[in-house]
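A closer look at the structure
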Amino acid sequence: MKILFGIQGTGNGHISRAREIVPLLQQYGDVDLLVSGTEAEVSLSQPLKYRFHGFSFVFGKKGGVDNWATFKIMNLRQLWKDMHSIPLNQYDLIINDFEPVSAWACRLQKVPSVSLSHQCSFISKKTPRPAKWNYAEWLFKYYSPTTHHIGFHFERYDDFIHTPVIRSDIRNMVTSNLGHYTVYLPAYGDKTLIKHLKETDAEWHIFSKRTKTAYKEGNVNVFPIDNEAFNNSLASCAGLLTGGGFEGPAEALFLGKKVLMIPMRGQYEQQCNALSASKLGVEVVYSINHDFVYRIKQWLADDRRIVVDFPDETAQIVDKMVKQYTRQ
């Protein structure tokens, strides 16, 4: 049996989830990995069969997407060429984690494929989102269209939606509270974060896309992105300050850490995630502005913990998917 797994390479969450899913898929046959996108620092342990430029969004430094940088790296001609370069007929099962090249290749060649992603949970109208309709709903539907859907979210909003995939190394972590707070906010520049966090009494560990060397300013430590170092910081922190992503907040909640989310400005999916997390009791701040330090201090003083139930169902989900959607 041959399996193709297409994975989005913008951000680290998709790759992190794939690190858990790929070994499970390999129990059923040969797995070829395809990654498109340019913004992930986390890598897979297994070699890639296909590496495409794809269609990526570039993080800015002021809380949103850098639209000009995104436009500059766009290459629609190459995207079209890549879509037609994948020999889809040699695969018995094609799986997609919000990856546009393989998804559109399947659609154009009328080959069935399966979404295994957080984003496909938004196919359901039961999944929380802001009341005002946003054009980004079209992205959920058409960015990486597939014929079947298996979604992940903070809660089981529909019958095809499961709770988050929590990596084994996170599930098996020995946790502690050394008093520091871990930060992952790739849409903000280091200087902006340091300026505000220095006004608190807490110790901060910022993991930054923009530094290659660790340094410290007062109570703020800045580290380059490193999966093991980040996990160690998260396991021993008092809380996580992060964006409106999905995997990071989910893992922190699983570990019993308090979470403060700052969704990216103009990024609809992150606004939706923040709304869903707030229904669990997660604190959400929508911008770093004049009252940000006040909101941070309020959060630091709040000792409430959110209890979540994220059972380990990944193996069962993969098994059901393989049995149900493998082409005969």
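The text that follows walks through the structure, step by step, so that each part is easy to find. (Residues numbered from 1 in each chain as written. Predicted model: local features only at pLDDT ≥ 70, side-chain atom pairs only at ≥ 80, totals over all residues. Heavy atoms only, no water.)

**Describing the nonpolar core**
Most often, soluble globular proteins have nonpolar side chains that are buried together. Counting 49 residues, the largest nonpolar core has Phe-5, Ile-7, Leu-25, Ile-95, Leu-116 and Met-321 as its most contacted members. For this core, the leading source of residues is helix H1 (residues 13-25), giving 6 residues. In contact with Ile-7, other than residues within four places in its own chain, are His-14, Ile-15, Ala-18, Leu-33, Leu-34, Val-35, Ser-36, Leu-44, Asp-97 and Glu-99. Ranked by size, the runner-up nonpolar core spans 22 residues in total, among them Leu-185, Leu-197, Ala-202 and Leu-300. (Core = buried A, V, L, I, M, F, W, Y, C linked by side-chain atoms within 4.5 Å. Buried < 20%, exposed > 50% of the residue type's maximum accessible area, 1.4 Å probe, protein only. Helix = DSSP H or I, 4+ residues; strand = E, 2+ residues; numbered from the N terminus. Contact = heavy atoms within 4.5 Å.)

**A short note on the packing of aromatic side chains**
In this structure the tally under the stated criterion is 11 aromatic pairs. Considering the side-chain rings of Tyr-50 and Phe-52, the 6.0 Å spacing of their centres and the 20° angle between planes classify their relative orientation as stacked. Here Tyr-50 and Phe-52 have matching classes, each one buried. An aromatic cluster is built from Tyr-184, Phe-207, Phe-223 and Phe-230, whose rings are joined through pairwise contacts. The lysine or arginine in question, Lys-258, covers the ring of Trp-299, its NZ or CZ lying 5.3 Å from the ring centre. (Phe/Tyr/Trp six-rings, centres within 6.5 Å; stacked < 30°, edge-to-face > 60°. Lys NZ or Arg CZ within 6 Å of the ring centre and 35° of its normal.)

**Describing the sheet that holds strand E1 (residues 2-8)**
Judged by pairing direction, the sheet is parallel, and its 7 strands sit side by side in the order E3-E2-E1-E4-E5-E6-E7 without closing on themselves. Since the sheet does not close on itself, it has two edges, and those belong to strand E3 (50-52) and strand E7 (161-162), each with one partner. Pairing between strand E6 (residues 148-152) and E7: 2 bridges, direction parallel. Within the sheet, the bridge partner assigned to Gly-151 lies in E7 and is Ile-161. Sheet strands touched by H1: E1, strand E2 (30-36), strand E4 (93-97), strand E5 (114-117) and E6. Its angle to E1, the strand with the most contacts, is close to 170°. (Pairing = 2+ DSSP bridges. Axes fitted to C-alpha atoms, helices over the stretch in contact; angles between N-to-C directions.)

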